[in-house]
Amino acid sequence: MAVEMLNAWEEEAVAMKRRDLMKDETQAISEEMLKGTLKPDMDRRKRKNAIRTAVESVRHGR
């Protein structure tokens, strides 16, 4: 189940960014899942913000 959720979140990130994700960006999403920031029962807006924050943190070096 976790792999399917991670793949779904990565697909959502690809759709938001309108490009393929870099390896670091996909790792950032999985790290957020491990930290507990991304959860399966999150509402849509919070989930998108968490994914966007994870991807942007890689691009801005945070």
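Fair warning: this is a prediction, and the values are worked out from it, not measured in the lab. (Residues numbered from 1 in each chain as written. Predicted model: local features only at pLDDT ≥ 70, side-chain atom pairs only at ≥ 80, totals over all residues. Heavy atoms only, no water.)

**Quick notes on the pattern of salt bridges**
Here is the rule we go by: For this document, the term salt bridge refers to a Lys or Arg side-chain nitrogen within 4 Å of an Asp or Glu carboxyl oxygen. Numbering of helices and strands starts at the N terminus; helices are DSSP runs of H or I of at least 4 residues and strands are runs of E of at least 2. Exposure classes here rest on a 1.4 Å probe applied to the protein chains alone. A residue is buried below 20% of its type maximum, exposed above 50%, and partly exposed in between.
In this structure the tally under the stated criterion is 4 salt bridges. Across the pair Glu 12 and Arg 47 runs a salt bridge whose closest N-O atoms are separated by 3.0 Å. Of this pair, Glu 12 sits in helix 1 (residues 2-17) while Arg 47 sits in helix 3 (residues 44-59), placing them 35 residues apart in sequence. Of the two residues examined, Glu 12 and Arg 47, each falls in the buried class.

**Considering the packing of helix 1 against helix 3**
Rule in force here: Fitting a line to C-alpha atoms yields each axis, with helices limited to the stretch in contact; the angle taken between N-to-C directions then spans 0 to 180 degrees. Note on angle classes: values under 35 degrees are labelled roughly parallel, values over 145 roughly antiparallel, values of 65 to 115 roughly perpendicular, and the remainder oblique. Contact between two residues is taken to exist if any of their heavy atoms lie within 4.5 Å; hydrogens are not considered. Note on residue classes: Ala, Val, Leu, Ile, Met, Phe, Trp, Tyr, Cys and Pro are nonpolar, Asp, Glu, Lys and Arg are charged, and everything else, Gly too, is polar.
Put simply, helix 1 and helix 3 touch, their axes get as near as 10 Å, and they point 75° apart. Classified by the interaxial angle, the pair formed by helix 1 and helix 3 is roughly perpendicular. When helix 1 is examined against helix 3, the residues Trp 9, Glu 12, Ala 13, Met 16 and Lys 17 are found in contact with a partner set consisting of Arg 47, Lys 48, Ile 51, Arg 52, Val 55 and Glu 56. Tallied by class, the residues present in the contact of helix 1 with helix 3 amount to 5 nonpolar, no polar and 6 charged.

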